[in-house]
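The residues making up each chain are set out below.
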Amino acid sequence: MGTLYIVATPIGNLEDITLRALRILKEADLVAAEDTRHSRKLLTHFGISRPLTSYFDHNKDLKGDYILDKLREGLSVALITDAGTPCISDPGYQLVRDAVAAGITVVPIPGACAAITALSASGLPTDFFSFAGFLPNKQGKRRERLQALCAEKGILVFYESPKRLLATLRDMLETLGDREVVVARELTKLYEEFLRGRLSALIEEAEGREIRGEVAILVTPAEQTELPEGPGMEELLTRYLESGEFSLKDAVKRVTLETGLPKSAVYAEALRLKG
Ligand code: SAM
């Protein structure tokens, strides 16, 4: 019997591939990938040239059987997805389940995962969290799911497409209340950004500018968690106003978002500072 390796790949920054992942991919008899063209580029970047086969949501039954046959023949197979850890909001679960049932050894090769990466730098208490993956596309179903998660005690971690971010934040405000959230955008990439604040403030931000790229959303539980303490309102306002790069309105907007304080209080302080 061969071994099935579940190999995590980077979520943006190619330096995040592990030495072990590179060795396993170099040694694999077969690499099963969600999108073979995308993964070919990754493998080529690292000078790896192994036979590739596709394994994605719509061919997983047929391809799962094929891969299991190869494993039974004694071949080693590395499963990768477009980014991050296979099986985490990505294909792989059925293959792992069937391999385990067939007595095939399954070995995880850990690495990047957007949910864990977002949590690690969120500044939120990470001792208890629930991974909720993608919410349903349809608003009714999305709100239903959020309602079901309303009483969860830990941080809720969601994946979302930038297209639906604003609609999702609005539904969250409606169903969960004005909670503290962290939107982690473009993790490990050039435009990596953490947006911290209450849902109402982030909605305002998302209405004012298009938030592009990949996003993960972390929502604090109903009994609020304090966001990490950064510079205070006065210090931030002074910094933005004195930089000359922001109008009073924009400075207020930024500071409201960064501190999670009510906009009216920030505005009053900005007027005071302006004299
Ligand atoms: N298996 C992957 C993992 O381990 O994180 C997740 C794959 S899922 C199909 C893709 C979603 O993960 C994106 O829509 C986004 O919500 C999140 N994601 C992936 N890469 C990200 C990044 N660089 N920054 C923020 N979120 C990311």
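Residues numbered from 1 in each chain as written. Predicted model: local features only at pLDDT ≥ 70, side-chain atom pairs only at ≥ 80, totals over all residues. Heavy atoms only, no water.

Asks: What is the right way to read the state of the cysteines from this model?
Replies: Chemically, a disulfide is nothing more than a covalent bond linking the sulfur atoms of two cysteines. Overall, the coordinates contain zero disulfides when judged by the stated rule. As a non-bridged cysteine, Cys113 has Cys87 as the owner of its nearest cysteine sulfur, 11 Å distant. A relative accessible area of 12% means that Cys113 is categorised as buried. (Disulfide = S-S within 2.5 Å. Buried < 20%, exposed > 50% of the residue type's maximum accessible area, 1.4 Å probe, protein only.)

Asks: Looking at this structure, I do not really get the site of the ligand. What am I missing?
Replies: Looking at the ligand, there are 19 residues lining it, with Ile88, Asp90, Ala114, Tyr159 and Val215 nearest. A distance of 2.8 Å separates a nitrogen atom of the ligand from a polar atom in the side chain of Asp90. In the model, an oxygen atom of the ligand is placed 2.6 Å from a nitrogen or oxygen of the Tyr159 side chain. In isolation the ligand has 570 Å² of accessible area, and contact with the protein removes 91% of it. (Near = heavy atom within 4 Å. Polar contact = N/O pair within 3.5 Å; in protein donor to acceptor, adjacent residues only side chain to side chain. Areas by Shrake-Rupley, 256 points an atom, 1.4 Å probe, with all protein chains shown as cover.)

Asks: Can you walk me through the sheet that holds strand β3 (residues 52–54) in this structure?
Replies: Whenever strands of a sheet pair, they do so through backbone hydrogen bonds, lying parallel or antiparallel. Pairing within the open sheet is parallel, and its five strands lie in the order β3-β2-β4-β1-β5. Whereas interior strands pair on both sides, the edge strands pair on one side only; in this sheet they are β3 and β5 (105–109). Taking each pair of neighbouring strands and ignoring which way they run, the sheet shows an average axis angle of 25°. Pairing of strand β1 (residues 3–7) with β5 involves five bridges; the strand directions are parallel. Counted as the bridge partner of Ile6 is Pro108 from β5. (Pairing = 2+ DSSP bridges. Helix = DSSP H or I, 4+ residues; strand = E, 2+ residues; numbered from the N terminus. Axes fitted to C-alpha atoms, helices over the stretch in contact; angles between N-to-C directions.)

Asks: Is there a simple way to think about helix α4 (residues 93–101) in this case?
Replies: The periodicity of an α-helix, 3.6 residues per turn, causes residues three or four places apart in sequence to face the same way. Burial in α4 covers these residues: Leu95, Val96 and Ala99. The arc that holds the buried residues of α4, viewed along the axis, is 100°, so those residues lie on one side. Where α4 is buried, its residues meet β1, α3 (60–72), β4 (77–80) and β5. (Arc of directions from axis to C-beta. Contact = heavy atoms within 4.5 Å.)

Asks: What's the story with the pattern of salt bridges in this structure? I'm lost.
Replies: Between side chains of opposite charge, a pair can form as their charged atoms come close. Taken as a whole, this structure holds 19 salt bridges when the rule is applied. When the shortest N-O distance is used, the salt bridge between Asp57 and Lys60 registers 3.9 Å. On the basis of relative accessible area, Asp57 is assigned to the partly exposed category, the value being 44%. With a shortest N-O distance of 3.4 Å, Arg198 and Glu180 are connected by a salt bridge. On the criterion of sequence distance, the pair formed by Arg198 in strand β9 (residues 193–198) and Glu180 in strand β8 (residues 180–185) is long-range, its members being 18 residues apart. Here the salt bridges share partners, and the residues they tie into one network are Arg185, Glu193, Glu205 and Arg209. (Salt bridge = Lys/Arg side-chain N within 4 Å of Asp/Glu carboxyl O.)

Asks: Quick question: what am I supposed to make of the side chain of Glu205 here?
Replies: Secondary-structure assignment places Glu205 in helix α8 (residues 199–208). Since its relative accessible area comes to 13%, Glu205 is described here as buried. Apart from the residues lying within four places of it in its own chain, the contact partners of Glu205 are Leu195, Ile211 and Leu257.

Asks: What's the story with the nonpolar core in this structure? I'm lost.
Replies: In a soluble, globular protein the nonpolar side chains are often hidden away together inside. Formed by 23 residues in total, the largest nonpolar core has its most connected members in Phe158, Leu169, Met172, Val183, Ile217 and Val219. Among the secondary structure elements, those contributing two or more residues to this core are α6 (139–149), β7 (155–160), α7 (165–176), β8, α8 and β10 (215–219). In terms of residue count, the dominant contributor to this core is α8 (five residues). With near-sequence residues (within four places) excluded, Val219 lies in contact with Gly154, Ile155, Leu156, Phe158, Met172, Leu176, Arg179, Glu180 and Val181. (Core = buried A, V, L, I, M, F, W, Y, C linked by side-chain atoms within 4.5 Å.)

Asks: Would you mind going over the domain arrangement of the chain with me for this structure?
Replies: Much of the literature gives interface size as the accessible area that the parts lose upon coming together. Assigned domains of the chain: these are domain 1 (3–112), domain 2 (115–219) and domain 3 (233–274). Once you take the C-alpha centre of each, domain 1 and domain 3 turn out to be 48 Å apart. (Domains from an automatic or database assignment.)

Asks: Looking at this structure, I do not really get the pairing of β7. What am I missing?
Replies: With respect to burial, β7 is a largely interior element, six of its six residues being buried. Examined bridge by bridge, strand β6 (residues 129–134) and β7 share five bridges and lie parallel to one another. Note that in β7 the partner of Ser130 across the bridge is Leu156. In this view, the connection linking β6 to its parallel neighbour β7 by way of α6 has right-handed handedness. Sheet topology note: the β7/β10 ladder contains five bridges and is antiparallel. Note on β10: the bridge partner recorded for Leu156 is Val219. (Right-handed = clockwise from strand over helix to strand, strands pointing away.)

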